[in-house]
Amino acid sequence: MPLINRKDVFIEWGDCDPAGIVYYPRYFVMFDNATVALFAAAGLKKHEMVKTYDMVGYPMVDTGARFILPSKWGETITIESHVSEWKRSSFDIKHRVLKGDDLAIEAWETRVWVGRHPDDPERIKSFPIPEDVKARFA
Ligand SMILES: CC(C)(COP(=O)(O)OP(=O)(O)OC[C@H]1O[C@@H](n2cnc3c(N)ncnc32)[C@H](O)[C@@H]1OP(=O)(O)O)[C@@H](O)C(=O)NCCC(=O)NCCSC(=O)c1ccc(O)cc1
């Protein structure tokens, strides 16, 4: 069973469109926060991780979502996140948004573990994900 992080998110007024439901780009901000929270739950705080592993970050290369139920101001949703697959330098994350027991959204991301390019520090380049990083999510 992989590490699953659960994050409760209160839906703010500013998250919503004039119809009173969450405007979809706001969810992608919430998913990014959920990924950062998943790494923190694995003991990998972003500002420490970049120093410990001499890396730059884990930029997004693919993402998407399937929206099933809308959410409104004043509601609290729960985002469940886990790493669904590790590859060489890339990895997949799945987010499930729950309203009580009901599935409201399924979302996915592919991110890449990157550091500075050895020939040009202005550029980033993929690097193999350290084994001890992967082990923290088991
Ligand atoms: C990430 C990259 C530097 C990787 O390039 P390279 O170093 O040449 O590596 P590769 O092309 O070999 O790709 C590396 C891996 O990614 C995989 N990859 C690359 N593109 C894709 C896409 N589109 N889909 C799926 N997988 C992909 C590829 O298959 C390789 O997989 P592995 O076998 O696991 O190694 C380059 O693809 C890139 O710059 N892409 C654009 C990234 C971007 O602009 N993202 C959006 C904004 S950044 C962002 O959101 C962010 C979030 C968090 C942060 O900490 C930092 C930034």
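Let me begin by describing the structure that accompanies this report. (Residues numbered from 1 in each chain as written. Predicted model: local features only at pLDDT ≥ 70, side-chain atom pairs only at ≥ 80, totals over all residues. Heavy atoms only, no water.)

1. So, the site of the ligand
Part 1 of the reasoning: The ligand sits among 18 residues. The nearest are Lys46, Met60, Ser89, Ser90 and Ser126.
Part 2 of the reasoning: One of the backbone nitrogen or oxygen atoms of Val61 is found 3.0 Å away from a nitrogen atom of the ligand.
Part 3 of the reasoning: One nitrogen or oxygen atom from the main chain of Ser126 is found 2.8 Å from an oxygen atom belonging to the ligand.
Part 4 of the reasoning: When the free accessible area of the ligand is taken as 1,100 Å², the share hidden by the protein chains comes to 49%.
Part 5 of the reasoning: For the shell around the ligand, the elements supplying multiple residues, two or more each, are β2 (60–67), β5 (102–112) and β7 (120–126).
Part 6 of the reasoning: Of the residues assigned to the shell around the ligand, the class counts are 7 nonpolar, 5 polar and 6 charged. (Near = heavy atom within 4 Å. Polar contact = N/O pair within 3.5 Å; in protein donor to acceptor, adjacent residues only side chain to side chain. Areas by Shrake-Rupley, 256 points an atom, 1.4 Å probe, with all protein chains shown as cover. Helix = DSSP H or I, 4+ residues; strand = E, 2+ residues; numbered from the N terminus. Nonpolar A, V, L, I, M, F, W, Y, C, P; charged D, E, K, R; others polar.)

2. What about the packing of aromatic side chains?
Part 1 of the reasoning: Within the structure shown, the criterion is met by 13 aromatic pairs.
Part 2 of the reasoning: Centroid distance Tyr53 to Trp113: 5.7 Å. Interplanar angle 80°. Geometry classified as edge-to-face. Placement of Tyr53 in the loop between α2 (46–52) and β2 and of Trp113 in the loop between β5 and β6 (114–117) is noted, with a sequence separation of 60 residues between them.
Part 3 of the reasoning: The class of Trp113 is buried, set by a relative accessible area of 3%.
Part 4 of the reasoning: Among the aromatic residues, ring-to-ring pairing joins Tyr23, Tyr24, Tyr27, Phe28, Phe31 and Phe67 into one connected group. (Phe/Tyr/Trp six-rings, centres within 6.5 Å; stacked < 30°, edge-to-face > 60°. Buried < 20%, exposed > 50% of the residue type's maximum accessible area, 1.4 Å probe, protein only.)

3. Some remarks on the sheet that holds β5
Part 1 of the reasoning: Strands sit in the order β1-β3-β4-β5-β2 across an open sheet of 5 strands; the sheet is antiparallel. Taken across any chain shown, the strands that pair with only one partner, and hence form the sheet edges, are β1 (5–10) and β2. Averaged over all pairs of adjacent strands, the angle between their axes in this sheet comes to 20°, without regard to strand direction.
Part 2 of the reasoning: The pairing of strand β4 (residues 90–99) with β5 spans 10 bridges and is antiparallel. Its bridge partner being in β5, Phe91 is matched across the sheet by Arg111. (Pairing = 2+ DSSP bridges. Axes fitted to C-alpha atoms, helices over the stretch in contact; angles between N-to-C directions.)

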